[in-house]
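Chain by chain, the residues:
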Amino acid sequence: MKRKAVGVPCLSAAAAAAVLCLSSLAGAAGVAGQKRLRFGENGEFKILQVADMHYGDGKATPCEDVLSSQMAGCSDLNTTAFVHRMIQAEKPDLVVFTGDNIFGFDATDAAKSLEYAFAPAVSSSIPWAAILGNHDQESTLSREGVMKHIVTLEHTLSQVNPTGIEIDGFGNYNLEVHGVEGSGFENKSVLNLYFLDSGDYSTVPSILGYDWIKPSQQVWFQHTSKKLRRAYTSKHRKAPAPGLVYFHIPLPEFASFDSSNFTGVKQEGISSASVNSGFFATMVEAGDVKAVFTGHDHLNDFCGELTGIELCYAGGFGYHAYGKAGWARRARVVLATLEKTDKATWGPVKSIKTWKRLDDRHLTAIDGQVLWSKRTKGTRRKKQIGGA
Ligand SMILES: *[C@@H]1O[C@H](CO)[C@@H](O)[C@H](O)[C@H]1NC(C)=O
Ligand SMILES: *[C@@H]1O[C@H](CO)[C@@H](O)[C@H](O)[C@H]1NC(C)=O
Ligand SMILES: *[C@@H]1O[C@H](CO)[C@@H](O)[C@H](O)[C@H]1NC(C)=O
């Protein structure tokens, strides 16, 4: 049953379509950068973040923490339906799955559960990227095995790891989003996306709890950020292109806020590693990162700003994940908008906004906020004039 549902796009069509299926599979399995992400003609690029689907065996896997009146007939298929509805409503340019895509303990066959979980993204033909949480490896595949399977799926831009270097974890990669075709930025990455594996559990006997982003991963991030900055900046453009970072387990710095300085809710503690491996400082130093997006704590969905970086949760998405009965499952959307230039064409990124949508009848949008906006020369000049 499950396999059939996933295979339909390739199986149902005749020979001609089968060739298409094969060629796109080959493309997805190929090397980095096979498919270029770029801003649309409207100067926008939209990302849908899906956190913690916790997919199990599909219809046979029941929902958790829904009202007792909602239990009957509630399963992983409700998670699938929510992904479909979100894709239809938002028409994102990229879907990012930030780990605990499957809940391994309740997945009989990891490969099948992964295919089932990502099926709505695959069938939509929208590019998608995934990283690992702490539950993805609890079924029949190791973390390496899960990541290696993900990269074979259609329309994914996920990568196992950069080549030619030693790095901890599986699923460390970056994606470039280029400017509008035909504009001066058509060959430049104007928005940089970083994906990291935040691991599962500490393997150091004296340190209990969750894993952390290792020095090897931070060195890779530093090199990548530096390389992208060199390619982007010039004599007249000193600031780097904005960067967004996605991984599963929140950093200890997510505990820096309370309701007076975040947007959203905090209904449980911050389940970060019990040690601080310094990735937040590494990002602040690099200077390009404007926002970080994690999952892991399903009952937290806030964004708070610390020294110029917004730290954001998406809130729990999946129905076979712990949640809070009566508190809707949700997803986070990020919209980056380009600046209109004097020559009536598109320039660099002007602003990055976010909101969430609830899985209710109307997919209610909440907590809209600006995460970052470019300080333009115009604003500065105005301020100077005003102050003079
Ligand atoms: C789960 O999906 C079923 C079938 O579409 C629907 O009737 C039910 O209301 C959904 N449950 C929840 C909690 O959304
Ligand atoms: C981008 O690269 C293409 C192919 O090399 C080239 O034709 C085009 O002029 C370049 N555009 C800009 C704005 O540099
Ligand atoms: C948020 O406000 C609390 C006081 O209500 C303060 O302790 C904390 O440092 C603030 N956090 C940030 C990041 O400003």
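In what follows, the structure referred to is the one given above.
Residue indices follow the written sequence of each chain, beginning from 1 at its first position. By the order in which they are written, chains take letters starting at A while ligands take numbers starting at 1. Reporting in this predicted model follows two pLDDT cut-offs: at least 70 for local features of residues, and 80 or more for side-chain atom pairs to be given and counted; totals over whole chains, interfaces and linings ignore these cut-offs and use all residues.

Undergrad: Can you walk me through the overall build of the protein chain in this structure?
TA: Along the protein chain, the regular secondary structure elements total nine helices and 14 strands. We call a residue exposed when 12 or fewer other C-beta atoms sit within 10 Å of its C-beta, buried when the count reaches 20 or more, and partly exposed for counts in between; the C-beta positions come from the backbone. Looking at the protein chain as a whole, 45% of its 388 residues are labelled buried. This entry defines residue contacts through backbone-placed C-beta atoms, with two residues in contact when those atoms are within 7 Å. Long-range pairs, those at least 24 residues apart, make up 70% of the contacts in the protein chain between residues at least 6 apart in sequence. Numbering of helices and strands runs from the N terminus, with a helix taken as a DSSP run of H or I at least four residues long and a strand as a DSSP run of E at least two residues long.

Undergrad: Please explain the nonpolar core as it appears in this structure.
TA: Grouped burial of nonpolar side chains is what soluble globular proteins tend to show. Under the definition applied here, buried Ala, Val, Leu, Ile, Met, Phe, Trp, Tyr and Cys residues are grouped into a nonpolar core through C-beta atoms within 7 Å. Counting 93 residues, the largest nonpolar core has Val50, Val95, Tyr246 and Ala291 as the members making the most contacts within it. If near-sequence neighbours (up to four positions away) are discounted, Val50 is found in contact with Val83, Val95, Phe97, Phe317 and Ala331.

Undergrad: Would you mind going over the site of ligand 1 with me for this structure?
TA: Contacts to ligand 1 come from Val66, Gln70, Gly73, Cys74 and Asn78. Residues were grouped as follows: Ala, Val, Leu, Ile, Met, Phe, Trp, Tyr, Cys and Pro as nonpolar; Asp, Glu, Lys and Arg as charged; and all remaining residues, including Gly, as polar. Tallied by class, residues from the shell around ligand 1 come to two nonpolar, three polar and no charged. Residues are counted as near a molecule or strand when the C-beta atom, derived from backbone positions, lies within 6 Å of that molecule or strand.

Undergrad: What is the right way to look at the sheet that holds strand 13 (residues 346-358) in this model?
TA: Pairing between the strands of a sheet is mediated by backbone hydrogen bonds and can be parallel or antiparallel. Note on pairing: two strands pair once DSSP finds at least 2 bridges between them. What the six strands build is an open sheet, ordered 4-3-2-12-13-14; its pairing is mixed. Each edge of the open sheet carries a strand with a single partner, namely strand 4 (128-131) and strand 14 (365-373). The average undirected angle you get between the axes of adjacent strands in this sheet is 20°. Two strands pair when backbone bridges link them, and strand 13 and strand 14 are joined in this way by six bridges, in the antiparallel orientation. Looking across to strand 14, one finds that Thr354 is bridged to Gln369. Between the N-to-C directions of two axes lies an angle of 0 to 180 degrees, each axis being a line fitted to C-alpha atoms and, for a helix, fitted only over the stretch in contact.

Undergrad: Before we go on, may I ask you to explain the sheet that holds strand 10 (residues 303-306) in this structure?
TA: Pairing is mixed across the open sheet formed by eight strands, whose spatial order is 1-5-6-7-9-11-10-8. In the strand order of this sheet, the two ends are held by strand 1 (37-38) and strand 8 (262-263), each with one partner. Across two bridges, the pairing between strand 1 and strand 5 (residues 173-178) is parallel. Bridge pairing links Leu37 to Val177 in strand 5. Along the sheet, helix 7 (residues 215-232) makes contact with strand 5, strand 6 (189-195) and strand 7 (243-246), crossing strand 6 at roughly 175°.

Undergrad: I tried to follow the pairing of strand 12 (residues 330-340) on my own but got confused; where do I start?
TA: Two faces belong to every sheet, and in a regular strand the side chains alternate between them. Where strand 2 (residues 44-50) and strand 12 come together, six bridges link them in antiparallel fashion. Looking at strand 12, one finds that Ile47 is bridged to Val334. Where strand 12 lies against strand 13, 10 bridges are found, and the strand directions are antiparallel. In the strand pairing of strand 13, Val333 is matched with Trp355. Linking strand 12 to strand 13, which pair antiparallel, is a turn of five residues; within it Ala344 sits at a positive phi near 55°.

Undergrad: Explain helix 5 (residues 110-124) to me, please; I cannot follow it from the model alone.
TA: Every α-helix winds through 3.6 residues per turn, so residues three or four apart in the chain are directed the same way. Relative to the 21 Å expected for 15 residues at 1.5 Å per residue, helix 5 spans 22 Å between its end C-alpha atoms, a close match to the ideal helical length. At Phe118, helix 5 shows its maximal bend, which comes to roughly 55°, and the proline Pro120 appears one to four places after that position. Within helix 5, the full set of buried residues consists of Ala110, Lys112, Ser113, Leu114, Glu115, Tyr116, Ala117, Phe118, Ala119, Pro120 and Ala121. Just downstream of helix 5, Ser125 is the residue with a positive phi angle, here 65°. By definition here, a helix of n residues has an expected span of 1.5 Å times n minus one. Given a residue, its bend is the angle between the two axes fitted to the seven residues that end at it and to the seven that start from it.

Undergrad: When you look at the packing of helix 7 against helix 8 (residues 279-286) in this model, what are you seeing that I'm missing?
TA: In a packed pair of helices, the relevant descriptors are the angle between the two axes and the axis-to-axis distance. Contact geometry of helix 7 with helix 8 gives a least axis separation of 10 Å together with a crossing angle of 10°. Comparing their axes, helix 8 and helix 7 come out roughly parallel. For the pair formed by helix 7 and helix 8, the contact residues are Gln218, Phe221, Gln222 and Ser225 on the first element and Phe279, Thr282 and Ala286 on the second. Looking at the contact of helix 7 with helix 8, its residues break down into three nonpolar, four polar and no charged. In what follows, roughly perpendicular refers to angles from 65 to 115 degrees, roughly parallel to angles under 35, roughly antiparallel to angles over 145, and oblique to any angle outside these ranges.

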